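# Breakdown of the fold
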Amino acid sequence: HYYITNNLRMSGNDSSGAAASSSNSTDLKPRRTSRSIKRKKFDDEVVESSLPTKLIPVERTRRVKRAPNPKQVTLPHTKWGPKDDLKLILAVQQCSDLALVHKCVKFSQKLTYQEIEERWYQLLYIPEVSGPATAAIATLTQEEKTAIERKTLWSSKEEAILQQVEASSQPKLEFFVSLLHQHPLVFHPARTPRDLMIQWERLRQYSLLADQTVQPLNLGDSVLNFSDVEEQLTDEELLSEQPDPVLQNELRKIDRRHKIEIRKLEDEIRQWHTMVGGPDNGPFSFDLDNETYAALRGRLVRYLMRSKEITLGRTTPTHQVDVDFSLEGPAWKISLKQGIIKYHGGEFFLWNFGKRPIYIDGHPVIQGCHSKLHHHCVMEICSLKFIFIINKTLTEGKNNDKV
């Protein structure tokens, strides 16, 4: 009985479990994923990635220098600049004549007709030349381009329009403004009314306007040359002209100014003769007056000592000395106050205050020292030599008076 009961229970459980599993399988769908499941690899599951690979040495290849691009080849230096190229292009566009361009266009340097023709051929047919030339023209400023465009040649159509303006009309600037607005496609964009007016006046000057005619030269009459005309002129006709009052006034002012300068120079000459004296035939050929103690005789001038103490040096607008060595020769190395000569006790003494030494008969007198001066002694400073001459008549008379 017990055995039968247990079997029945087990069979019931199996049927109920099967029914439950069948119902769950119908209700639940299996879960799937695209990710790989990580698990440990066994010994029999060996992949190629895990196997050790053998390193193959790679040979290094040398770098080969590439040949330069033919488009980047540097061109040799030429005498054509960007401004000259722009002048050539504009002129040819205006007149279409290289001979006229060679005669009328002013380039940065003198060019022959063959050079202009060769350059125009290069700009037209050689890209290696025209490309860099175009790039160089693009680097010019707008002011430079405008200045070149305004000076370019005038085309035949532009001159034809200006020639229709009558010479007797005397047009104003407003007329050329309206003329420029009436023909915007004929005139160059850089033309201004002022340019049109100047070109019209130039055409009128050379009698190139439509209503102007040039009188032919009568070959039957004899043509006078310059010498024939000069012979026909007389002095009376030239002098009969009325003088210009403005010119005469200016000439009088200039003449007066010159006379004042001459008078000043004459006064200075008299002062120099009084202070220094003029050149003589020899170093001892002059007589000293009763007011002169001594004299310094140079190669050109002589300096008179009319007081008991005189200063030596160079005279400037702000500094005055009694003896100016610059009158004798080059004295830029001499100090402004080089020294003094003093008469004391019947004798003459020299004190040196400058940086340059003074030589007395070959003996140097340095800065801060003094020396006695004798009759006919030679004093030298910076290649300037002088002879010191004492007026013994005056000095001996003063000594006798003291005694």
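Computed from a predicted model, the values in this text were never measured in an experiment.

A few words on the overall build of the protein chain. Tallying secondary structure elements over the protein chain gives 13 helices and 11 strands in all. Residues classed as buried in the protein chain amount to 26% of the 403 residues present. Put simply, of all contacts in the protein chain between residues at least 6 apart along the chain, 51% involve residues at least 24 apart. In the structure as shown, the protein chain presents an accessible area of about 31,300 Å², 54% of it carried by carbon and sulfur atoms.

Let us now look at helix α2 (residues 82–95). Residues spaced three or four apart along an α-helix face the same direction, because each turn holds 3.6 residues. For α2, spanning 14 residues, the distance from its first C-alpha to its last is 20 Å, which sits close to the expected 20 Å at 1.5 Å a residue. Taken residue by residue, α2 has D84, D85, L86, L88, L90, A91, V92 and Q94 as its buried positions. The inward-facing, buried residues of α2 abut α3 (98–104), α4 (113–125), α5 (127–138), α6 (142–150) and α7 (156–163).

A volume near 310 Å³ is recorded for the largest pocket. In terms of lining, the largest pocket is formed by 13 residues, of which the most central are K87, K106, I148, K151 and T152. Listing elements by their share of the lining of the largest pocket, those giving two or more residues are α2 and α6. Considering each element in turn, the lining of the largest pocket owes the most residues, 4 residues, to α2. Each residue belonging to the lining of the largest pocket can be placed in one class, and the counts come to 7 nonpolar, 1 polar and 5 charged.

Within the structure shown, the criterion is met by 11 aromatic pairs. With a centroid separation of 4.8 Å and an interplanar angle of 45°, the aromatic rings of Y343 and F348 are classed as tilted. The same class applies to Y343 as to F348, namely buried. For F348, a relative accessible area of 2% gives the class buried. Ring pairs connect the aromatic residues Y293, Y343, F348 and F388, which therefore count as one cluster.

Turning our attention to the confidence of the model for the protein chain. Taken over all residues, the pLDDT of the protein chain has a mean of 78, while the share at 70 or more is 70%. Within the protein chain, helix α1 (residues 2–27) has the poorest average pLDDT of any element, 50, and strand β7 (residues 358–360) the best, 93. Low pLDDT, under 50, characterises residues 18–26; the predicted model gives this stretch 0 contacts beyond four residues in sequence or across chains. Contacts from residues 277–285, a stretch scored under 50 in pLDDT, to residues over four places away or in other chains number 18 contacts.

Taking 1.5 Å per residue, 12 residues should reach 16 Å; α5 reaches 16 Å between its end C-alpha atoms and fits that length. Among the residues of α5, those classed as buried are V129, S130, A133 and I137. End-on view of α5: buried residues confined to an arc of 90°, all on one side of the axis. In α5, the exposed positions angled more than 90 degrees off the buried face are occupied by P127 and A138. Buried-residue contacts for α5 involve α2, α4 and α6.

Before going further, it helps to examine the sheet that holds strand β8 (residues 363–365). Where strands meet in a sheet, backbone hydrogen bonds hold them as pairs that are either parallel or antiparallel. In space, the 6 strands of this open sheet follow the order β2-β1-β11-β10-β7-β8, with antiparallel pairing throughout. Lying at the two open borders of the sheet, with one neighbouring strand each, are β2 (302–305) and β8. Direction aside, the axes of adjacent strands within the sheet are offset by 25° on average. Bridging between β7 and strand β10 (residues 377–381) involves 2 bridges; their strand directions are antiparallel. In the sheet register, Y359 faces β10, and the bridge partner there is E380.

To continue, consider the pairing of strand β1 (residues 294–297). By the alternation rule, side chains of β1 split into A294 and L296 and A295 and R297, which are all buried. Strand direction decides the pairing type here: β1 and β2, joined by 4 bridges, are antiparallel. Looking at β2, one finds that A294 is bridged to M305. Relative to strand β11 (residues 384–390), β1 runs antiparallel, the two being bridged by 4 bridges. Bridge pairing in β11 places R297 opposite I387.

Another aspect to go through is unusual backbone geometry. Among all residues except glycine, the phi angle is most often negative; among peptide bonds, the trans geometry is most common. Of note, S207 is a non-glycine position whose phi angle comes to about 55°, a positive value. Although it is not a glycine, S383 sits at a positive phi angle of roughly 70°. Here S383 falls in the exposed class, since its relative accessible area comes to 69%.

Right, let's talk about the side chain of D85 for a bit. Inspection of the secondary structure assignment puts D85 in helix α2. For D85, a relative accessible area of 2% puts it in the buried group. Non-local contacts of D85, meaning those with residues more than four positions away in its chain, are made with W80, R119, L123, A133 and I137.

Conventions adopted
Residues numbered from 1 in each chain as written. Predicted model: local features only at pLDDT ≥ 70, side-chain atom pairs only at ≥ 80, totals over all residues. Heavy atoms only, no water. Helix = DSSP H or I, 4+ residues; strand = E, 2+ residues; numbered from the N terminus. Buried < 20%, exposed > 50% of the residue type's maximum accessible area, 1.4 Å probe, protein only. Contact = heavy atoms within 4.5 Å. Areas by Shrake-Rupley, 256 points an atom, 1.4 Å probe, with all protein chains shown as cover. Expected span 1.5 Å × (residues − 1). 1 Å grid on protein atoms, 1.4 Å probe; cavity = no way out; pocket = protein on both sides within 12 Å on 5 of 7 lines; lining within 4 Å. Points joined across faces, edges and corners; volume = space filled by probe spheres on them. Nonpolar A, V, L, I, M, F, W, Y, C, P; charged D, E, K, R; others polar. Phe/Tyr/Trp six-rings, centres within 6.5 Å; stacked < 30°, edge-to-face > 60°. pLDDT = per-residue confidence, 0-100. Arc of directions from axis to C-beta. Pairing = 2+ DSSP bridges. Axes fitted to C-alpha atoms, helices over the stretch in contact; angles between N-to-C directions.

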